[in-house]
Protein chains: 2
Amino acid sequence: MSYLDKITSPTLLLDEKICRANIKRMADKAARHDMKLVPHFKTAQSNQIGDWSKEYNITEITVSSVKMAEYHAGQGWVNIHIAFPFNPLEIPKLNEIAARQSMSVQLINADTARMLADQLEHTVGFFIEIDAGYGRTGVEVSDFGLIEEILLIAKNSDKLKFKGFYLHAGHSYYMPDIPELYEQTRNALSMLKHKYNSEYPHLLTRTGDTPGCAVMEDFGDIDEMGPGNFVFYDMMQVDLGSCDREDVAVCLAVPVVDIKKDKKEILVHGGGVHLAKDVLVGENGLKNFGEVVLLNENGWTITEQKSFVKSISQEHGLIKATDELLEQVKVGDILGILPIHSCMTADAMGGYMTLDGKMVDHAEGCV
Amino acid sequence: MSYLDKITSPTLLLDEKICRANIKRMADKAARHDMKLVPHFKTAQSNQIGDWSKEYNITEITVSSVKMAEYHAGQGWVNIHIAFPFNPLEIPKLNEIAARQSMSVQLINADTARMLADQLEHTVGFFIEIDAGYGRTGVEVSDFGLIEEILLIAKNSDKLKFKGFYLHAGHSYYMPDIPELYEQTRNALSMLKHKYNSEYPHLLTRTGDTPGCAVMEDFGDIDEMGPGNFVFYDMMQVDLGSCDREDVAVCLAVPVVDIKKDKKEILVHGGGVHLAKDVLVGENGLKNFGEVVLLNENGWTITEQKSFVKSISQEHGLIKATDELLEQVKVGDILGILPIHSCMTADAMGGYMTLDGKMVDHAEGCV
């Protein structure tokens, strides 16, 4: 019995082979650059995929919320880092987790550092997040006053331990010149390392975005990389040049509920609550909410002529179909959609089905 | 103890008073027009809110998936209608539900009608969905050939019972002239009713969108209305003129994790996995992913000067803040965000907290 026989409603498929190859490729790259890979599990949010990762020498992970940290705690990780400016309201929950799991957090202001120093019950590491131009979050790279204020608070605490500097060059998703961004990243982290490593000889520097980690070959003296999306990739990463379509490891299986041959449209059950609403806009101005692939017993095949989801609402996906696709498909069939942003799709779906029909866990789901 | 003391991470607040007032207002309007209100529960997805609705003479509901129908089945509804082109792969599941709950489905093609006629084990009603210009889904209003093909299949079945015509004028979300769209809707449904009611004297016509049901006063001879979003409303509906800000019944409570006074920015834990990524774009070109309100022990207050979420990623929300807001807020506080699209936010959050700190269920969550 094929996995396809088990699908009657939108289901997120996971190709274990592709996923493992993605992890191995990034782990090999990190090793080649003498860096430690600390993957960001906001994408997979899965203990099963965590276990696969351990086979490629992954020993520590990153998450983006305390809730996610709680989910992955106690699964044999040397450390779990919460790469989100720490929310002081969650110190009691952090105390609970840190009693049984080595943890680190991310700091960008003195207020939170002070509250942690006052209220922590167990040793917790921290990275200072640095903003070198992305502008979303972080201490500005030249704001030594703030960096030293945080370090001083930690120095007077027996619980809060400085680990190093963390930089997420998230503008690699929007700006074309990744090598230029990476020069900025390398320079910022290298400057900070040299400025503070006489006082903190074990301090680490870490950078994180998937496009950068995928395409760059010069990481300078950065110690660690923490990409997330690479474990699955998606059409946004294909568009950015981080990977090929063949590297996308997840695919939303969607039932065909109507076909309008004259309009060249196929209506599927697969909308914003399944795929999320991330979108690519083509040069022609056409919106693309996901690309159609053909499912078979062994997985999916990428077609030469592309069909894509042109519009989406809560449960509806409307595909602009090629003639080739229209000829093959009938109501009651199941198509595959490669998502635009796999992190959001995985979070929306809350679980995966592998190509042998087994379910794989996801933190936010009820699987 | 206030509900606020229970919040440490992103939490979807529900103001029961506002929600009940929204239900009552629409129920009164339907009664005034001698129409039946059959609310679309894709928005609330809640049995608790279902129970509130029953107090306003709501006896039937609409849902958008078989999964949702399963969740609401057996809760005392006279009928549950699945307002999504029926997916034939789910006939076995429909048979299970229809054994204990009166159900109806939506049809737009003969293939699915035939499969239902062959495989149904219990009586199930159906509406034919009509497209009168929206273009997402439905039988074109003038395609009598297809309408009659579906009716003929049903006539030869002892299980498939024709109930009437359903029309969702979803373009009311994009096009400014709702009265013009409604003329189209009224005319289409009226024409079909008169054409088929000698043969089907009990046939019903139903229309559904919230903007139309909220602002229109002329429904012609339409029998039923099935809006969904009105139960909560949101900033998109405020923008469309369907309601006032004071009518929005849900609000995402988000912890403040950083403040950059110089940039007038506040960083909160509240991103795409909480709010979803629906966006309003202002005349100034600025993006708005949600509007800030101030929380207090009794709910929230709307400020005169507006602050809003200007950018969003998976977990981060970055607020463009007024001076007034910056003066009041500190790290560790909790702000409220009125969502752009409450259906998507509710689905992402999977549960609600009322202002007395109680949890309210949502189908897609694990509450």
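Residues numbered from 1 in each chain as written. Chains lettered and ligands numbered in written order. Predicted model: local features only at pLDDT ≥ 70, side-chain atom pairs only at ≥ 80, totals over all residues. Heavy atoms only, no water.

Novice: So what exactly am I meant to see when it comes to the overall build of chain A here?
Specialist: Assigned secondary structure in chain A consists of 12 helices and 21 strands. Compactness check: chain A gives a C-alpha radius of gyration of 22 Å against a globular reference of 21 Å for 367 residues, within 12% of the reference. The principal-axis extent of the C-alpha atoms belonging to chain A is close to 70 × 40 × 35 Å. The 367 residues of chain A split such that 64% are buried. (Helix = DSSP H or I, 4+ residues; strand = E, 2+ residues; numbered from the N terminus. Rg over C-alpha atoms; globule rule 2.2 N^0.38 Å. Buried < 20%, exposed > 50% of the residue type's maximum accessible area, 1.4 Å probe, protein only.)

Novice: Help me understand helix H5 (residues 110–119) of chain B, please; the structure alone is not making it clear to me.
Specialist: Given 3.6 residues to a turn, an α-helix orients residues that are three or four positions apart in the same direction. Within the sequence span of H5(B), burial applies to Ala110(B), Thr112(B), Ala113(B) and Leu116(B). Across the axial projection of H5(B), the buried residues extend over an arc of 160°, all falling on one side. The inward-facing, buried residues of H5(B) abut strand S11 (250–260) of chain A together with helix H4 (91–98), strand S5 (103–107), helix H6 (144–155) and strand S8 (160–167) of chain B. You can read the cap of H5(B) off the contacts: a side-chain oxygen lies 3.5 Å from the backbone nitrogen of Asp111(B), and it is on Asn109(B). (Arc of directions from axis to C-beta. Contact = heavy atoms within 4.5 Å. Polar contact = N/O pair within 3.5 Å; in protein donor to acceptor, adjacent residues only side chain to side chain.)

Novice: Would you mind showing me how to read the relation of the copies chain A and chain B here?
Specialist: Both copies of the chain are related by a screw-like operation: a rotation about an axis and a shift along it. Once chain A is rotated about the relating axis by 180° and shifted along it by 0.0 Å, it coincides with chain B to within an RMSD of 0.0 Å. In the structure described here, the two chain copies are related by an operation that fits a two-fold rotation axis. Take the interface residues of chain A: 98% of them recur as interface residues in chain B, which is what a same-surface contact looks like. (Least-squares fit on C-alpha atoms with pLDDT ≥ 70 in both.)

Novice: Please explain the domain arrangement of chain A as it appears in this structure.
Specialist: How big an interface is tends to be expressed through the accessible area that disappears when the partners come together. Residues and elements named next belong to chain A. Taken domain by domain, chain A comprises domain 1 (3–12 + 243–360) and domain 2 (16–232). For domain 1 versus domain 2, the separation of C-alpha centres amounts to 33 Å. Together, the buried faces of domain 1 and domain 2 total about 1100 Å²; carbon and sulfur atoms form 56% of this surface. Between the two partners, domain 1 and domain 2, sit 1 salt bridge. Taking the shortest distance from any N to any O, the salt bridge between Arg25 and Asp247 comes out at 3.5 Å. Scanning the region where domain 1 abuts domain 2 turns up 6 residue pairs in polar contact (both at pLDDT 80 or more). The biggest single contributor to the side of domain 1 that touches domain 2 is helix H12 (residues 342–349), with 4 residues. (Domains from an automatic or database assignment. Buried area = accessible area lost by both parts, 1.4 Å probe. Salt bridge = Lys/Arg side-chain N within 4 Å of Asp/Glu carboxyl O.)

Novice: Whenever I open this one, the environment of Met216(B) confuses me. Can you help?
Specialist: Following the sequence through the fold, Met216(B) ends up in the loop between helix H8 (210–215) and strand S10 (224–225). Discounting chain neighbours no more than four positions away, the residues touching Met216(B) are Lys29(B), Ile178(B), Pro179(B), Tyr182(B) and Arg186(B).

Novice: Teacher, can you tell me more about the packing of helix H4 (residues 91–98) of chain A against helix H5 (residues 110–119) of chain A here?
Specialist: Two numbers describe a pair of packed helices, the interaxial angle and the distance between the axes. All names here are of chain A. Here H4 crosses H5 at 50°, and the two axes come no closer than 11 Å. Looking at the two axes, H4 sits oblique to H5. Every pair of crossing elements has a handedness; the one defined by H4 and H5 is right-handed. Contact residues: H4 offers Ile91, Leu94 and Asn95, while H5 offers Met115, Leu116 and Gln119. Split by residue class, the contact of H4 with H5 holds 4 nonpolar, 2 polar and no charged. (Axes fitted to C-alpha atoms, helices over the stretch in contact; angles between N-to-C directions. Parallel < 35°, antiparallel > 145°, perpendicular 65-115°, else oblique. Left-handed = near helix turned anticlockwise from the far one by under 90°. Nonpolar A, V, L, I, M, F, W, Y, C, P; charged D, E, K, R; others polar.)

Novice: Sorry if this is basic, but what is going on with the UniProt feature "domain: D-serine dehydratase-like" (unreviewed entry) in chain A here?
Specialist: The feature "domain: D-serine dehydratase-like" (unreviewed entry), as given by UniProt, occupies residues 249–353 of chain A in the numbering adopted here. The span residues 249–353 of chain A is 17% helical and 46% strand by assignment, and the distance between its end C-alpha atoms comes to 12 Å. (UniProt positions renumbered as here; feature names shortened; annotations may be inferred.)

Novice: I'm lost on the interface of chain A and chain B in this one. Help?
Specialist: At the interface, 53 residues of chain A touch 52 residues of chain B. Contact with chain B buries surface across chain A, with Phe84(A), Arg136(A) and Gln314(A) losing the most and accounting together for 15% of the total. Residue Lys277(B) pairs with Asp278(A) through a salt bridge whose shortest N-O separation is 2.9 Å. Secondary-structure elements contributing two or more residues to the side of chain A that touches chain B are strand S4 (79–85), H5, S11, strand S12 (265–269), helix H10 (272–275), strand S18 (316–320) and H12 of chain A. Tallied by class, the residues present in the side of chain A that touches chain B amount to 20 nonpolar, 19 polar and 14 charged.

Novice: Where do I start with the packing of aromatic side chains in this structure?
Specialist: The relation between two aromatic rings is expressed through the spacing of the ring centres and the mutual angle of the planes. One pass over the full model with this rule turns up 16 aromatic pairs over all chains. Taking 5.4 Å as the distance between ring centres and 75° as the angle between the ring planes, the aromatic pair formed by Phe162(B) and Phe165(B) counts as edge-to-face. Exposure class is identical for Phe162(B) and Phe165(B). Each is buried. The structure contains a cluster of three or more aromatic residues connected by ring pairs, namely Phe126(A), Phe162(A), Phe165(A), Tyr196(A) and Tyr200(A). Across the ring face of Trp77(A), the terminal group of Lys54(A) is positioned such that the distance to the ring centre comes to 4.7 Å. Across from the ring centre of Phe144(A), 4.6 Å away, lies the NZ or CZ of Lys195(A), which sits over that ring. (Phe/Tyr/Trp six-rings, centres within 6.5 Å; stacked < 30°, edge-to-face > 60°. Lys NZ or Arg CZ within 6 Å of the ring centre and 35° of its normal.)

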